[in-house]
Amino acid sequence: MPSPGRLACRLRYISLWPLELRVGAVRVTASSPELSATARKATWAGGGLAAILIMPKVKKQPRSRQQRPEGKAPGIRFNTGLGQHVLKNPLIVNSIIEKASLYPTDVVLEVGPGTGNMTVKMLEKVKKVIACELDVKLAGELQKRVQGTPLANKLEIKIGDVLKSDLPFFDACVANLPYQISSPFVFKLLLHRPFFRCAVLMFQREFALRLVAKPGSPLYCRLSVNTQLLARVDHLMKVGKNNFKPPPKVESSVVRIEPRNPPPPINFQEWDGLLRIVFVRKNKTLAAVFNSNAVKKLLEKNYRIHCSQNNLEIPEDFSIGSFIQGILKDTGYAEKRARVMDIDDFISVLHGFNAKGIHFS
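Conventions adopted
Residues numbered from 1 in each chain as written. Predicted model: local features only at pLDDT ≥ 70, side-chain atom pairs only at ≥ 80, totals over all residues. Heavy atoms only, no water. Core = buried A, V, L, I, M, F, W, Y, C linked by side-chain atoms within 4.5 Å. Buried < 20%, exposed > 50% of the residue type's maximum accessible area, 1.4 Å probe, protein only. Contact = heavy atoms within 4.5 Å. Helix = DSSP H or I, 4+ residues; strand = E, 2+ residues; numbered from the N terminus. Lys, Arg positive; Asp, Glu negative; His and termini not counted. Salt bridge = Lys/Arg side-chain N within 4 Å of Asp/Glu carboxyl O. Polar contact = N/O pair within 3.5 Å; in protein donor to acceptor, adjacent residues only side chain to side chain. Phe/Tyr/Trp six-rings, centres within 6.5 Å; stacked < 30°, edge-to-face > 60°.

To continue, consider the nonpolar core. If you look at the biggest cluster of nonpolar residues, it comprises 68 residues, and the most contacted ones within it are L201, W271, F290 and F346. Dropping the residues within four chain positions of it, F290 is found in contact with L274, I277, V278, V295, K296, L299, I324, Q325, L328, F353 and F360. Formed by 29 residues, the second largest nonpolar core is a distinct cluster that contains L87, V108, L142 and F244.

Okay, here's the thing in structure tokens:
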């Protein structure tokens, strides 16, 4: 221990071990209560100054599973490869549920409930929540969360791939979706019968903006037209990546989807077949797009099947290329480009081809 004379100078930090300090008749050691275990320091007054004695940090011994206090289970490991990014911000959770306008009599479908942050909030408001979860461990955590509470009777958990199973009846769908299933799930949802009232879904930002993109927008694509044909789509809010645990690498957005009931009287397979062709080169004119050899070969095959089924004779000098260009010229869409055409334009093109016996499915 330094002498008082040496301490009568500027304040010093002295690391000592083992630690012993005498102040008058008081002896302070490492095991004495005068040394704070959290601060690990002692103050000694001498000559009107102070010396702070620093103890080395004592490492805690790891406890075995048997020694772990009850209820303190190890943290859940999320599989980001399965899109497991749990929404942790309660304000955003509440906002999503509010925008879904749920009723006490509603049955709600939730895909990817995770640990149940949104599930529990919805269970307090609706008649029933059907939670579809691929991960058995997360499904178990969700079950534990409501076990022994009145909410348990209102929760139904379905384990498995939602894309490979039939959707149950539901009034609304509210979900923080795994982003890799966004596109197939949206169309599975829109083709589901009976009709549901609305869906409020979390998507990757770019995907969400494609859903609501208008003609002429750089993001306008087949997804935009297909979705807007079958539903009204609104962008509700942006959600930053730090609102999730673990944070994803992309920004997110919440979208509200309301299916059109009744749907437009269009064969969706034919409709989608047309869009697949015209959006391959959406900046080209339709005349140029339909002049492709692959497209002409496909449509000629479909046309010959149509003629065979309806006992129609095909002229010997028949040219599918000239036939297609004639249809486009008659409908007035030969020089139109898919990137600026709206739903009514595509309906007119489809009806023009179908009227002449050319089909896309």
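Further remarks concern helix α7 (residues 222-230). Taking burial as the measure, the nine residues of α7 include eight buried ones, the bulk of the element. Those residues of α7 lying buried are L223, S224, V225, N226, T227, Q228, L229 and L230. Contacts made by the buried residues of α7 are with α5 (182-190), α6 (205-212), β12 (231-239), β14 (252-259), α8 (268-278) and α12 (343-355).

Turning our attention to the side chain of E133. Within the secondary structure, E133 is located in strand β8 (residues 128-133). Although E133 is buried, it forms no salt bridge, and the closest oppositely charged side chain is R145 at an N-O distance of 11 Å. A polar contact is formed between the side chain of E133 and the backbone nitrogen of G114, at a distance of 3.3 Å. Residue contacts for E133: discarding those within four places in its chain leaves G112, P113, G114, L138, A139, K158, I159 and G160.

The amide bond that connects K245 to the next residue, P246, takes the cis arrangement and shows omega of -10°. Inspection of the secondary structure assignment puts P246 in the loop between β13 (244-245) and β14. Put simply, N261 and P262 share a cis peptide bond, and its omega is 5°. Looking at the element boundaries, P262 is found in the loop between β14 and α8. Positive phi outside glycine occurs at S101, with the angle close to 50°. As for its placement among the helices and strands, S101 is situated in the loop between α2 (90-99) and β7 (107-111). On the basis of relative accessibility, which here comes to 37%, the residue S101 falls in the partly exposed class. Phi is positive for N311, close to 55°, though the residue is something other than glycine. Within the fold, N311 resides in the loop between α10 (293-309) and α11 (320-331). Judged by relative accessible area, N311 falls into the exposed class, the value being 73%.

In this section: the packing of aromatic side chains. This model, assessed by the stated rule, comprises 12 aromatic pairs. Ring geometry for F187 and F268: centres 6.2 Å apart, planes at 40°, overall tilted. Here the residue F187 occupies a position in helix α5, and F268 occupies one in helix α8, the gap between them amounting to 81 residues. An aromatic cluster of three or more residues is present, and its members are Y220, W271, F279 and F346.

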